[in-house]
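Architecture at a glance
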Amino acid sequence: MDRICINGGQRLNGTIPISGAKNATLPLMIASLLTDQTLILDNVPRLADVALLQRILGNHGVDIMVGGKRPGETQYDGQTLHISAANIIDTTAPYELVSRMRASFWVIAPLLARMGEAKVSMPGGCAIGTRPVDLLIMALDCLGAEIEIDRGYVIARARNGLKGGRISFPKVTVGGTHTALMAAALARGSTVIENAAREPEVTDVADCLNKMGARISGAGTSRILVEGVARLNGARHRVLPDRIETGTYAMAVAMTGGDVLLENARPELLQSVFDLLARAGVEVTSTNAGVRVARNGAGIAPVEVTTSPFPGFPTDLQAQLMALMTRAMGTSRITETIFENRFMHVQELVRLGAHIQLDGECATIEGVERLKGAPVMATDLRASVSLVIAALAAEGETVVNRVYHLDRGFERLEDKLAACGAAIERVSG
Ligand code: EPZ
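The notes below deal with the structure included here.

Conventions and cut-offs
Residues numbered from 1 in each chain as written. Predicted model: local features only at pLDDT ≥ 70, side-chain atom pairs only at ≥ 80, totals over all residues. Heavy atoms only, no water. Helix = DSSP H or I, 4+ residues; strand = E, 2+ residues; numbered from the N terminus. Rg over C-alpha atoms; globule rule 2.2 N^0.38 Å. Buried < 20%, exposed > 50% of the residue type's maximum accessible area, 1.4 Å probe, protein only. Contact = heavy atoms within 4.5 Å. Areas by Shrake-Rupley, 256 points an atom, 1.4 Å probe, with all protein chains shown as cover. Lys, Arg positive; Asp, Glu negative; His and termini not counted. Charge placed at Lys NZ, Arg CZ, Asp CG, Glu CD. Core = buried A, V, L, I, M, F, W, Y, C linked by side-chain atoms within 4.5 Å. Salt bridge = Lys/Arg side-chain N within 4 Å of Asp/Glu carboxyl O. Pairing = 2+ DSSP bridges. 1 Å grid on protein atoms, 1.4 Å probe; cavity = no way out; pocket = protein on both sides within 12 Å on 5 of 7 lines; lining within 4 Å. Points joined across faces, edges and corners; volume = space filled by probe spheres on them. Nonpolar A, V, L, I, M, F, W, Y, C, P; charged D, E, K, R; others polar. Axes fitted to C-alpha atoms, helices over the stretch in contact; angles between N-to-C directions. Parallel < 35°, antiparallel > 145°, perpendicular 65-115°, else oblique. Near = heavy atom within 4 Å. Polar contact = N/O pair within 3.5 Å; in protein donor to acceptor, adjacent residues only side chain to side chain.

A few words now on the overall build of the protein. From N to C terminus, the protein includes 14 helices and 24 strands. Against the compact-globule benchmark of 22 Å for 429 residues, the protein has a radius of gyration of 22 Å, which places it among compact chains. Counting only C-alpha atoms, the protein reaches 65 × 50 × 40 Å along its principal axes. Counting every position in the protein, which comprises 429 residues, the buried fraction comes to 56%. Within the protein, contacts between residues separated by at least 24 positions form 76% of all contacts whose residues are at least 6 apart in sequence. Accessible surface, the protein as shown: approximately 16,600 Å² in total, 46% of it carbon and sulfur. Of the side-chain charges in the protein, 43 are positive and 45 negative, and the distance between the mean point of each set is 2 Å.

Here it is in structure tokens:
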């Protein structure tokens, strides 16, 4: 198993190219199941989760061709996928695959909408919380699906097609909103989705579906209207830049000090994060090429923040912010409201010398003057990357084990950081 070795203490200076968003790519790839024509996706990141979803879709009979590199393209340019679901050969998604990637449960919506049936394994628990799928099932039920739960599988049927309806989510759910959008796009009549997730990845999926011929309005607000259509076509769509990768590198620069251009980053996708970093004393400037993040001289001021759905502070940056606050000049408080068990990084940060107290969903972080390198590991990708951020400022060597978590969500992490001066390398085996 690969490990990442980091010798802390180097400032970061230079340019980091931001890749396409993992959490938009996955539902966009799944949306290809809605049409028998080819969907072309540009700016797709090279990630283990993308490769795994290719295999999962292959199981349903989807053909995916990966475009070759064109002259003039650099290793950092995203890949182009040509995805064709012309012949769906299987409407079952088995436990072995769904349990490895929760988002693959979302295939239930396009399979049901286009084929009239789907049998998809329930994903089971995961490292950050229980993560049920009841609201996704509720959304399909609102559109007239017959649902049965049998031996760990959700079996959904709509022999005469889905019917538009009103879906009112009792809590904001990204996966629920993706599922509702994909199902409603091919339902008869109109659907209203209330309390919809406003995450930019939902808007990106809605934009792509509209290019495919769907009639969706209001994406990006909490009330989305979908006028169902009889069929969808192929289209070409460029995946939006990854706001979580952007925020992660912004915090890495804030941690080490230095001056880095986050190329292609879109500041409006993470205003809450940049506002918070500004309060912590970090300089953040929008430029034509992306976002410049700098910290020179000044120490890090402590902050108080609560995670919440977009446009609030994202749960997917909570661990990274906590790593940054371990070095703040005072006491910070971070409250996690989205997932009940997303503090697995705390004990590992403590191994590096951090002072953190947990009380239910609230973490109190007392900034320390220095962290010291140690072997660490984590159980999910954002937790793992928070250890990398801490290690960049720790004295001596930190070895981050279980690197496969990082490979699920961060493209060429060690290359991007090394190019800006970090002493970081991957050790195989
Ligand atoms: C998406 O997960 C992201 N995954 C997560 O990214 C992200 O943390 C999360 O949204 C919140 O922003 C992808 O986009 C692939 P939710 P999702 O449904 O859709 C509860 C990462 O690190 N809930 O918005 O699964 C749920 O338990 C990750 O990239 C129900 O109760 O999240 C949670 O408490 C991990 N019933 C809350 O809603 C349901 O049926 C929000 O979850 C569905 C969700």
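So, about the nonpolar core. In terms of nonpolar packing, the biggest core is built from 149 residues, with Leu209, Leu321 and Leu417 touching the most fellow members. The element best represented in this core is helix 12 (residues 381–393), accounting for 10 residues. Discounting residues that sit within four places of it in the chain, Leu209 has contacts with Ala31, Leu34, Leu181, Met182, Ala214, Ile216 and Leu232.

Across all of its chains, the model carries 22 salt bridges by this definition. A salt bridge links Arg236 to Asp42; its shortest N-O distance comes to 2.8 Å. Highlighted residues: Arg236 in strand 14 (residues 235–238) and Asp42 in strand 3 (residues 38–44), separated in sequence by 194 residues. Taking relative accessible area as the criterion, Arg236 reaches 43% and is therefore assigned partly exposed. A relative accessible area of 11% places Asp42 in the buried class. Among the charged side chains, a salt-bridge network with shared partners connects Asp2, Asp407, Glu414 and Arg426.

Time to look at the sheet that holds strand 22 (residues 375–376). The mixed open sheet is built from four strands, whose spatial order is 22-23-1-24. Where the open sheet ends on each side, the last strands, each with one partner, are strand 22 and strand 24 (423–427).

Here we come to the layout of surface pockets. Once rolled over the atoms, a probe with the size of a water molecule shows which space is left empty. Taken as a whole, the second largest pocket holds about 210 Å³ of empty space. Lining the second largest pocket are Gly9, Gln10, Arg11, Met255, Thr256, Arg295, Gly299, Ile300, Arg327, Met329, Leu392 and Ala393. Those elements that place two or more of their residues in the lining of the second largest pocket are helix 8 (243–256) and helix 12. Among the residues forming the lining of the second largest pocket, the class breakdown is five nonpolar, four polar and three charged.

All right, on to the packing of helix 1 (residues 22–31) against helix 2 (residues 48–59) then. Two elements in contact, helix 1 and helix 2, have axes whose closest approach is 10 Å; the angle formed by their N-to-C orientations is 10 degrees. The pairing of helix 1 with helix 2 is recorded here as roughly parallel in orientation. On the side of helix 1, the interface is formed by Lys22, Thr25, Leu26, Met29 and Ile30, while helix 2 contributes Asp49, Val50, Leu53, Gln54 and Leu57. Across the contact of helix 1 with helix 2, the residue classes break down as six nonpolar, two polar and two charged.

Turning next to the site of the ligand. Around the ligand there are 23 residues in total, and Asp134, Leu135, Gly175, Asp316 and Ile338 lie nearest to it. At 2.9 Å from an oxygen atom of the ligand is found a side-chain nitrogen or oxygen belonging to Arg131. In the model, an oxygen atom of the ligand is placed 2.7 Å from a nitrogen or oxygen of the Leu135 main chain. Counting residues per element, the shell around the ligand draws most heavily on helix 5 (residues 134–142), at three residues. Class assignment for the residues of the shell around the ligand results in 12 nonpolar, four polar and seven charged.

On to the sheet that holds strand 16 (residues 283–287), then. Spatial strand order, 2-15-17-16: four strands in an open sheet with mixed pairing. Only two strands of the sheet have a single neighbouring strand rather than two, namely strand 2 (12–17) and strand 16. On average, each strand axis in the sheet is inclined to that of its neighbour by 15 degrees, with strand direction left out of account. The sheet contact formed by strand 16 and strand 17 (residues 290–295) spans five bridges and is antiparallel. Bridged to Glu283 within strand 17 is Ala294.

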